[in-house]
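So you can see what is in the structure, the chains are spelled out below.
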Amino acid sequence: MKFTYTTTDKQGKTVQANAKAASKEDLVMTLTKQGLQPQDVKLDTGLNTHARRSFTKHVRLKDLVVFTRQLSTMISAGVPMSRSLSTLEQQTENKYFKTVVKGILKDVESGQALGQAFAKYPTVFSDIYVNMVKAGEEGGILDEILKRLATQLEQDASIRKKIKSAMAYPIVILGITVFAFFGIMLFVIPKIGKILTDLGGPDAKLPVYTQAMLSISSFMQSNIIVIAVVLAASGFLLRRYIKTPKGK
């Protein structure tokens, strides 16, 4: 059987890999003998890994804000770190985030610093978040740093909400415009062209702009499938580019 697992290398980074074994227990035993610490060992069902990440491994900003603020409150109240993380794991509804918190709890219980444990999940905790937590641990003001982080995350969420609200109207207008353009070019202009041809004959001299419109309409009718594929590919590539650091 083929399994997918994550482990920690010598630099403390989380690495995902695949391996074959008779059972999950045999794989864990083999990796442990090699000096590795296997985590999240799962049977590989053959599904696309990138697709699983896209649809399941996502933490909302709202969940991160609640986690940060509650952790800060518990630390301020003198609750031990392991107990705080255990409580937050039980309260978390997001399945992936629950797995993340569980992994952080194991790392903290094994003696790792909280910032180092956070650093293993870069898709959840940003570099700024991790570095501030590390600074808070070194300075003995972790609870205060977490409060500031929670406030900053709330401000980020508010800004994102305002941007989405501001962009809603122009996006709707743009969508209607594109839909109307294709509708006119594919259905209206051809009928107008037929009327003009019937009235003036095939040799009728039409204005330059009218000829251009008829040519564009004819081209779109003949290559509608190619145009649809190009638009879909462009949209897909744009979404992938936006997810890159430069695109962001």
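About the thresholds
- Residues numbered from 1 in each chain as written.
- Predicted model: local features only at pLDDT ≥ 70, side-chain atom pairs only at ≥ 80, totals over all residues.
- Heavy atoms only, no water.
- Helix = DSSP H or I, 4+ residues; strand = E, 2+ residues; numbered from the N terminus.
- Buried < 20%, exposed > 50% of the residue type's maximum accessible area, 1.4 Å probe, protein only.
- Areas by Shrake-Rupley, 256 points an atom, 1.4 Å probe, with all protein chains shown as cover.
- 1 Å grid on protein atoms, 1.4 Å probe; cavity = no way out; pocket = protein on both sides within 12 Å on 5 of 7 lines; lining within 4 Å.
- Points joined across faces, edges and corners; volume = space filled by probe spheres on them.
- Nonpolar A, V, L, I, M, F, W, Y, C, P; charged D, E, K, R; others polar.
- Expected span 1.5 Å × (residues − 1).
- Contact = heavy atoms within 4.5 Å.
- Salt bridge = Lys/Arg side-chain N within 4 Å of Asp/Glu carboxyl O.

Colleague: Would you mind showing me how to read the overall build of the protein here?
Modeller: Looking only at helices and strands, the protein has 10 helices and 3 strands in total. Scanning the protein from its N terminus toward the C terminus, one meets helices and strands in the order β-β-α-β-α-α-α-α-α-α-α-α-α. Counting all 248 residues of the protein, 26% fall into the buried class. As presented, the protein carries roughly 17,400 Å² of accessible surface, and 62% of it is formed by carbon and sulfur atoms.

Colleague: What exactly am I supposed to notice about the layout of surface pockets here?
Modeller: To find leftover empty space, a probe the size of one water molecule is rolled over the atoms. One number sums up the size of the second largest pocket: a volume of about 230 Å³. As for the second largest pocket, its lining consists of Arg-60, Lys-62, Asp-63, Val-66, Phe-67, Gln-70, Leu-88, Gln-91, Thr-92, Glu-93, Asn-94 and Phe-97. For the lining of the second largest pocket, the element with the most residues is helix H3 (residues 61–76), which contributes 5 residues. Among the residues making up the lining of the second largest pocket, the classes are represented as 4 nonpolar, 4 polar and 4 charged.

Colleague: Just checking my understanding: could you explain H3 for this structure?
Modeller: Side chains three or four residues apart in an α-helix point the same way, a direct result of the helix having 3.6 residues per turn. Helix length check: H3 (16 residues) gives 23 Å between terminal C-alpha atoms against 22 Å at 1.5 Å per residue, within 8%. Those residues of H3 that are buried lie in contact with helix H4 (81–91), helix H5 (95–109), helix H6 (114–118), helix H7 (127–139) and helix H8 (142–200). Remark: Gly-78 follows H3 within two positions and exhibits a positive phi of approximately 85 degrees.

Colleague: Sorry, what's going on with the pattern of salt bridges here?
Modeller: Pairing between side chains becomes possible if they bear opposite charge and their charged atoms approach one another. The final tally for this structure, using the stated rule, is 5 salt bridges. Glu-154 is the salt-bridge partner of Arg-69, the closest N and O atoms lying 3.2 Å from each other. Of this pair, Arg-69 sits in helix H3 while Glu-154 sits in helix H8, placing them 85 residues apart in sequence. Assessed through its relative accessible area of 32%, Arg-69 is described here as partly exposed.

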